[in-house]
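Survey of secondary and tertiary structure
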Amino acid sequence: MQHRKICFIGAGNMAGAIIAGLVTSGYPADLISVCAPSGKNRDALAEKYGTRSSSENITCAKEADVVVLAVKPQLMADVCSELQKQVDFSGKLVLSIAAGVSVARFIALLGNGLNIVRVMPNTPSLVGKGMSGLYAPEHVGQQDRDFSSELMSAVGKVCWVDTEEGINHVIAAAGSAPAYFFLFMEAMQQEAQRQGLSADTARLLVQQAASGAAALVEANPETPLSTLRENVTSKGGTTFEALKVFNERELSAIVAEAMQAAITRAQEMEKLF
Ligand SMILES: NC(=O)C1=CN([C@@H]2O[C@H](COP(=O)(O)OP(=O)(O)OC[C@H]3O[C@@H](n4cnc5c(N)ncnc54)[C@H](O)[C@@H]3O)[C@@H](O)[C@H]2O)C=CC1
Ligand SMILES: O=C(O)[C@@H]1CCC=N1
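Residues numbered from 1 in each chain as written. Chains lettered and ligands numbered in written order. Predicted model: local features only at pLDDT ≥ 70, side-chain atom pairs only at ≥ 80, totals over all residues. Heavy atoms only, no water.

The name given to the chain in an unreviewed UniProt entry is Pyrroline-5-carboxylate reductase, with Rouxiella silvae as the source organism. According to UniProt, the comment filed for the chain under the heading Sequence similarities (unreviewed entry) is "Belongs to the pyrroline-5-carboxylate reductase family." (UniProt positions renumbered as here; feature names shortened; annotations may be inferred.)

Okay, structure coming up:
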């Protein structure tokens, strides 16, 4: 992939996951600077991966070819306003990983003609199993689109969405989604423990069931998910009874409502931040 100087503004969970995945996949660490007010996370990243660590957003952004905005959405306006005063963004590529901050908002904050790509990643990027959705307005050139794809492909799979609204659909189906699966696994672990298994054994059982199921999905891209489910569900057996409970409680409706709630919140955030 192309190697450009990248500056991460923000050193939290998501930036850390992308940086870890990038460096592990061979991206030169000395081309990556990580900025945050507190040294804690960025110094830990520097120690572990050899990235540069700084408290100077402006200096790092000035020196970079690519600026990755990785702060919380509610801080984005302040961070961008500071940058805009001293950094010339023409010729730079800006990637935002924030939920709920629109391209129009970034253009208002950082200037007309901004080369901006919105990326919606997720934390499994940390282990190279990320999923990122990308969106760029029409004026962003092919080279910058390709670089953004390559960058995020280093930490997982990527897809492009044709409209900005699609980013909110990516949030619901992938950005926020690891948490849905963690919640489900937590509930299973709790019940397995309540039934008498040790915490470690309960975790191992749930972990292997989840990662095994995901691996089967991945290994059989042509097989409908419903077929994989049916392969587990013996007639008159145990799985059938378990699934009946989920269906009677309308799991699909719960999932739909939860995904829609994520989208609604992203839309609200677009108005707030
Ligand atoms: N955590 C996740 O699973 C995902 C998060 N995102 C997005 O990623 C962004 C960051 O989220 P997290 O990493 O979870 O948050 P976080 O709270 O873990 O990290 C935020 C980072 O920003 C830094 N920061 C605060 N003020 C700053 C400033 N003035 N200048 C530079 N850095 C500053 C903090 O020190 C911290 O390192 C958010 O916009 C979120 O919407 C997107 C997809 C998934
Ligand atoms: O919860 C959030 O707002 C962020 C965006 C997707 C995952 N975490």
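Moving on, there is more to tell.
**As for the UniProt feature "binding site: NADPH" (unreviewed entry) in the chain**
The UniProt record marks Asn 57 with the feature "binding site: NADPH" (unreviewed entry), using the residue numbering of this structure. Relative to the elements of secondary structure, Asn 57 occurs in helix α3 (residues 57-63). Asn 57 sits in the partly exposed class, given a relative accessible area of 21%. Those residues in contact with Asn 57, other than ones at most four positions away along the chain, are Ile 9, Cys 35, Ala 36, Val 79 and Leu 83. (Helix = DSSP H or I, 4+ residues; strand = E, 2+ residues; numbered from the N terminus. Buried < 20%, exposed > 50% of the residue type's maximum accessible area, 1.4 Å probe, protein only. Contact = heavy atoms within 4.5 Å.)

**Observations concerning the site of ligand 2**
Taken together, Ala 99, Gly 175 and Ser 176 form the complete shell of residues around ligand 2. Burial of ligand 2 by the protein amounts to 46% of the accessible area it has alone, namely 250 Å². (Near = heavy atom within 4 Å. Areas by Shrake-Rupley, 256 points an atom, 1.4 Å probe, with all protein chains shown as cover.)

**Looking at the sheet that holds strand β4 (residues 66-69)**
Taken in spatial order, the eight strands make up an open sheet running β3-β2-β1-β4-β5-β6-β7-β8, and their pairing is mixed. In this open sheet, the two strands that pair with only one neighbour each are β3 (52-54) and β8 (156-160). Looking at each pair of strands side by side, their axes are set apart by 25° on average, direction ignored. Here strand β2 (residues 32-35) pairs with β3 via three bridges, running parallel. Each bridged residue has a counterpart across the sheet, and for Cys 35 the counterpart in β3 is Ser 54. The strands touched by helix α6 (residues 142-153) within the sheet are β1 (6-9), β4, β5 (93-96), β6 (115-120), β7 (130-135) and β8, with β8 carrying the most contacts at an inclination of about 150°. (Pairing = 2+ DSSP bridges. Axes fitted to C-alpha atoms, helices over the stretch in contact; angles between N-to-C directions.)

**What about the nonpolar core?**
In terms of nonpolar packing, the biggest core is built from 37 residues, with Leu 69, Phe 106 and Leu 110 touching the most fellow members. Going through the elements one at a time, β1, α3, β4, α4 (73-86), α5 (103-110), β6, α7 (165-175) and α12 (251-272) are the ones with two or more residues in this core. Residues within four places of Phe 106 in sequence aside, it is in contact with Leu 69, Met 76, Cys 80, Ser 96, Val 101, Gly 111, Leu 114 and Ile 116. One finds Leu 45, Ala 70, Val 119 and Ala 136 within the second-largest nonpolar core, a separate group that totals 34 residues. (Core = buried A, V, L, I, M, F, W, Y, C linked by side-chain atoms within 4.5 Å.)

**Thoughts on the site of ligand 1**
Taken together, 22 residues surround ligand 1, and among them Ala 11, Asn 13, Met 14, Asn 57 and Val 71 come closest. The backbone of Gly 12 places a nitrogen or oxygen atom 3.1 Å from an oxygen atom of ligand 1. In the environment of ligand 1, an oxygen atom lies 3.0 Å from a nitrogen or oxygen atom belonging to the backbone of Ala 99. For ligand 1, the protein covers 78% of the area, taking 830 Å² as the surface of the free molecule. Counting residues per element, the ones that place at least two in the shell around ligand 1 are α1 (13-24) and α4. The leading source of residues in the shell around ligand 1 is α4, at three residues. Class assignment of the residues belonging to the shell around ligand 1 gives a composition of 16 nonpolar, five polar and one charged. (Polar contact = N/O pair within 3.5 Å; in protein donor to acceptor, adjacent residues only side chain to side chain. Nonpolar A, V, L, I, M, F, W, Y, C, P; charged D, E, K, R; others polar.)

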